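Notes for the structure review
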Amino acid sequence: DNRFVFVVNIYPYFDPKLQVDPPGSCESAIEIATCFHNGCRTEESLALVREKMMMLTHRTDYKLWVGEIGWSSPKAAALATKAGECKDFSTLETFSKFYSNFLNW
C-alpha cells in the first residue's frame, strides 16, 4: 500500500540551460522548451525527477503528479535567462504553442 505522492512544478520557461541561437534568435530554445516528447525539457525534467525518486525511495511504484506547469506572456519580470532576452520567447504565439502542445501531450 503506497499512499504517498510526489508532486513537482515544471516551468521550462525559466530553464537557465536554454541558449539563444546566433545571431540572437531563440528558435531552438523555444522548440525544446515548448514540446512534450522525448528530448524536450519537460520530458527530461520528469525523467530526472523519476530518477531522484528512485534514488530516495529505492522503489519505482510511487506516483508522480505534475502540480503546476506553465509559460508566460508577456515576459515574466522574474525571467533572467539568455533565452528570455530574445523577443520571441515570451510572445503570445509562443505561449499558445506551449499550451497547445501541452493539451496534445
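Read on for an overview of the structure. Please read these numbers as outputs of a predicted model, since none were measured by experiment. (Residues numbered from 1 in each chain as written. Predicted model: local features only at pLDDT ≥ 70, side-chain atom pairs only at ≥ 80, totals over all residues. Heavy atoms only, no water.)

**Remarks on the pattern of salt bridges**
Counted under the stated rule, the structure contains five salt bridges. For Lys97, the salt bridge is made with Glu31, and the minimal N-O distance between the two is 3.0 Å. On the criterion of sequence distance, the pair formed by Lys97 in helix H3 (residues 92–103) and Glu31 in helix H1 (residues 27–34) is long-range, its members being 66 residues apart. With a closest N to O distance of 3.2 Å, Asp88 and Lys87 form a salt bridge. (Salt bridge = Lys/Arg side-chain N within 4 Å of Asp/Glu carboxyl O. Helix = DSSP H or I, 4+ residues; strand = E, 2+ residues; numbered from the N terminus.)

**Focus: the side chain of Thr94**
Inspection of the secondary structure assignment puts Thr94 in helix H3. There is a polar contact of 3.1 Å between the side chain of Thr94 and the side chain of Thr91. Beyond its immediate sequence surroundings of up to four residues, Thr94 is in contact with Ile30, Thr34, Trp71, Asp88 and Phe89. (Polar contact = N/O pair within 3.5 Å; in protein donor to acceptor, adjacent residues only side chain to side chain. Contact = heavy atoms within 4.5 Å.)

**Here we look at the state of the cysteines**
Enumeration over the complete set of coordinates arrives at two disulfides. The partner cysteine of Cys26 in its disulfide is Cys86, sulfur to sulfur 2.2 Å. Across the disulfide from Cys26 to Cys86, rotation about the S-S bond amounts to roughly -60°, and the bridge is consequently left-handed. With Cys26 in the loop between strand S1 (5–10) and H1 and Cys86 in the loop between strand S2 (63–69) and H3, the pair connects residues that are 60 residues apart, well separated along the chain. (Disulfide = S-S within 2.5 Å.)

**Section: the nonpolar core**
Judged by nonpolar contacts, the single largest core of 22 residues is most densely connected at Tyr13, Leu18, Cys26, Ala29, Leu64, Trp71 and Phe89. Secondary-structure elements contributing two or more residues to this core are S1, H1, helix H2 (41–57) and S2. Excluding residues that lie within four positions of it along the chain, Ala29 makes contacts with Leu18, Gln19, Ala83 and Phe89. (Core = buried A, V, L, I, M, F, W, Y, C linked by side-chain atoms within 4.5 Å. Buried < 20%, exposed > 50% of the residue type's maximum accessible area, 1.4 Å probe, protein only.)

**Section: H2**
Spanning 17 residues, H2 covers 24 Å between terminal C-alpha atoms, matching the ideal 24 Å at 1.5 Å per step. Taken together, the buried positions of H2 are occupied by Arg41, Thr42, Leu46, Met53 and Thr57. What you see down the axis of H2 is that its buried residues fit within an arc of 130°, all on one side. For H2, the elements touching its buried residues are S1, H1 and S2. Remark: His58 follows H2 within two positions and exhibits a positive phi of approximately 60°. (Expected span 1.5 Å × (residues − 1). Arc of directions from axis to C-beta.)

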